[in-house]
Amino acid sequence: MRKIDVSYDDGILNKDDEYIVGVNDGTTFNNVKYKGVRLFNGKKMLMFQTKANRQLTINPSFHTFTLEKTDSKSKARAGLLETAHGEIETPIFMPVGTAGTVKAVHQHEIKDDIKAQIILGNTYHLYLRPGLEVIENAGGLHKFMNWGGPILTDSGGFQVYSLGDSRKIKEEGVTFRSHIDGSKHLFSPEYAIDIQRTIGADVIMAFDECTPYPCDYSYAKRSMHMTHRWLKRCCDRFDSTEGKYGYDQTFFPIVQGSTYKDLREESAEMIASFEREGNAIGGLSVGEPAEEMYATTDLVCNILPKDKPRYLMGVGTPVNIIENIALGVDMFDCVMPTRNARNGMLFTSEGFINIRNEKWKNDFSDLDSNGTSYVDSQYSKAYLRHL
């Protein structure tokens, strides 16, 4: 008799066959018959019947992570993250769609050419424009931007950190002024969760404070402890609310602690203790040397659970990605590809190219003879320089 857990759906189970069902609180039900799927308040629920004719109604988790392969010569892993909007093969780079669009790229190109399996939305920017009312009226960000795949949203913490003097950080949360019209706003941990519930991302992030580099030890320690207190508030809010659009969302906490070894260890252990579906590493790629980034990532990955996806936020260059994959990271994001492309820098299989340089003026060869995307073989370096 096969034992199942709550991540299975109707396509895997056979009606009236008997199973051993294990649920999240550790309870196990033996010899229960699977009776199919029913909808309750728009949510898909699995129905079972015990020998005593007791009905079991189980809310399946569609955010499971399966570790499929590991590398014997490094800590690199290959896995599969399942979400309500599709599967994500890891390791994965996630294009950033700050305000509901990946700049200069059409949605069909993201899906068919780039073959992105997940994209990011920015909580701070979407909150300010178009605003929560518009997004909710549209039925969530997926429908608003016509994207059927998974979406991850940050909590707005990094953007608020970037505002500098126009924001104030207190235990309650962060007060800041909009970069658009100067209006005053407050992001608390609870409200950051509420905003992301309204946006409707598949993966939503904890509200944290991202410290600068370099950062004084005492400030990094105080900030980390506040981030941990905020995390408890985020978890309480997330667990006491439901998604607005009929599908499940999942929540990732974030490790902080600047580049201080003891703080990173403490934070990683704290984040792991919350036992969420995945974990993130924040506060890196903010100016520290690459060697410090790698050392911190290695330290944290040795502490975070192996059976959960690890997300390194804001990274980065092709070299950074490869090095951190070898250290055990599964997920990455960065605005760099589209931002650099808009300024004439290309990432190719042979390295970086600044297409504005005079040397490409009469070079009619392909952009990248080893490339796999449409533009690599359709346009010459000279033509792209002309544009």
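In what follows, the accompanying structure is described. (Residues numbered from 1 in each chain as written. Predicted model: local features only at pLDDT ≥ 70, side-chain atom pairs only at ≥ 80, totals over all residues. Heavy atoms only, no water.)

**What about the packing of helix 6 (residues 189-199) against helix 7 (residues 217-239)?**
- For the pair helix 6 and helix 7, the least separation of the axes is 8 Å and the interaxial angle reads 40 degrees. Overall, the two elements helix 6 and helix 7 adopt an arrangement that is oblique. With respect to the hand of their crossing, helix 6 and helix 7 are arranged in right-handed fashion. Between helix 6, through Pro189, Glu190, Ile193, Asp194 and Arg197, and helix 7, the contact on the second element is made entirely by Trp230, Arg233, Cys234, Arg237 and Phe238.
- Residue classes in the contact of helix 6 with helix 7 are distributed as five nonpolar, no polar and five charged. (Axes fitted to C-alpha atoms, helices over the stretch in contact; angles between N-to-C directions. Helix = DSSP H or I, 4+ residues; strand = E, 2+ residues; numbered from the N terminus. Parallel < 35°, antiparallel > 145°, perpendicular 65-115°, else oblique. Left-handed = near helix turned anticlockwise from the far one by under 90°. Contact = heavy atoms within 4.5 Å. Nonpolar A, V, L, I, M, F, W, Y, C, P; charged D, E, K, R; others polar.)

**Describing the packing of aromatic side chains**
- Applying the stated rule across the entire model yields 12 aromatic pairs.
- Between Tyr127 and Phe187, the aromatic rings sit 5.0 Å apart at their centres with planes inclined by 75 degrees, giving edge-to-face as the arrangement. Placement of Tyr127 in helix 2 (residues 123-128) and of Phe187 in strand 14 (residues 184-187) is noted, with a sequence separation of 60 residues between them.
- An aromatic cluster is built from Tyr124, Tyr127, Phe176, Phe187, Tyr191, Phe207 and Trp230, whose rings are joined through pairwise contacts. (Phe/Tyr/Trp six-rings, centres within 6.5 Å; stacked < 30°, edge-to-face > 60°.)

**A look at the packing of helix 8 (residues 261-273) against helix 9 (residues 290-301)**
- It is the contact of helix 8 with helix 9, at a shortest axis distance of 9 Å, that shows an interaxial angle of 35 degrees. Crossing of helix 8 against helix 9: the hand is right-handed. Touching Lys261, Arg264, Glu265 and Ala268 of helix 8 are Thr296, Leu299 and Val300, all from helix 9.
- In terms of residue class, the contact of helix 8 with helix 9 is made up of three nonpolar, one polar and three charged.

**What about a nonpolar patch on the surface?**
- A cluster of nonpolar side chains, namely Tyr374, Val375, Tyr379, Tyr383 and Leu387, defines an oily patch on the protein surface of about 510 Å² accessible area.
- Tracing the chain through its elements places Tyr374 in helix 12 (residues 374-378).
- In this structure Tyr374 comes out as partly exposed when scored by relative accessible area, which is 47%. (Patch = residues over 30% accessible without salt bridge, like charges linked within 9 Å, V, L, I, M, F, W, Y side chains within 5 Å. Areas by Shrake-Rupley, 256 points an atom, 1.4 Å probe, with all protein chains shown as cover. Salt bridge = Lys/Arg side-chain N within 4 Å of Asp/Glu carboxyl O. Buried < 20%, exposed > 50% of the residue type's maximum accessible area, 1.4 Å probe, protein only.)

**Points about the sheet that holds strand 8 (residues 86-90)**
- The three strands are arranged 6-7-8 in an open sheet whose pairing can be described as antiparallel. The open sheet has two edge strands, strand 6 (65-70) and strand 8, and neither has a second partner. Neighbouring strand axes in the sheet, compared pairwise and without regard to direction, differ in orientation by 15 degrees on average.
- Taken together, the five bridges between strand 6 and strand 7 (residues 77-83) define a ladder with antiparallel strand orientation. Directly across from Lys69, in strand 7, lies its bridge partner Ala78. (Pairing = 2+ DSSP bridges.)

**As for the pattern of salt bridges**
- Under the defined criterion, the tally for this structure stands at 10 salt bridges.
- With its nearest N and O atoms 2.7 Å apart, the salt bridge here joins Lys232 to Asp236. Here Lys232 pairs with Asp236, and both are found in helix 7, just four residues apart, close to one helical turn.
- You can call Lys232 partly exposed: its relative accessible area is 43%.
- When its relative accessible area of 39% is taken as the criterion, Asp236 is described as partly exposed.
- Note that Asp239 and Arg276 form a salt bridge whose closest N and O atoms lie 2.8 Å from each other. Pair noted here: Asp239 is in helix 7 and Arg276 is in the loop between helix 8 and strand 18 (279-281), with a separation of 37 residues, a long-range link.
- Taking relative accessible area as the criterion, Asp239 reaches 51% and is therefore assigned exposed.

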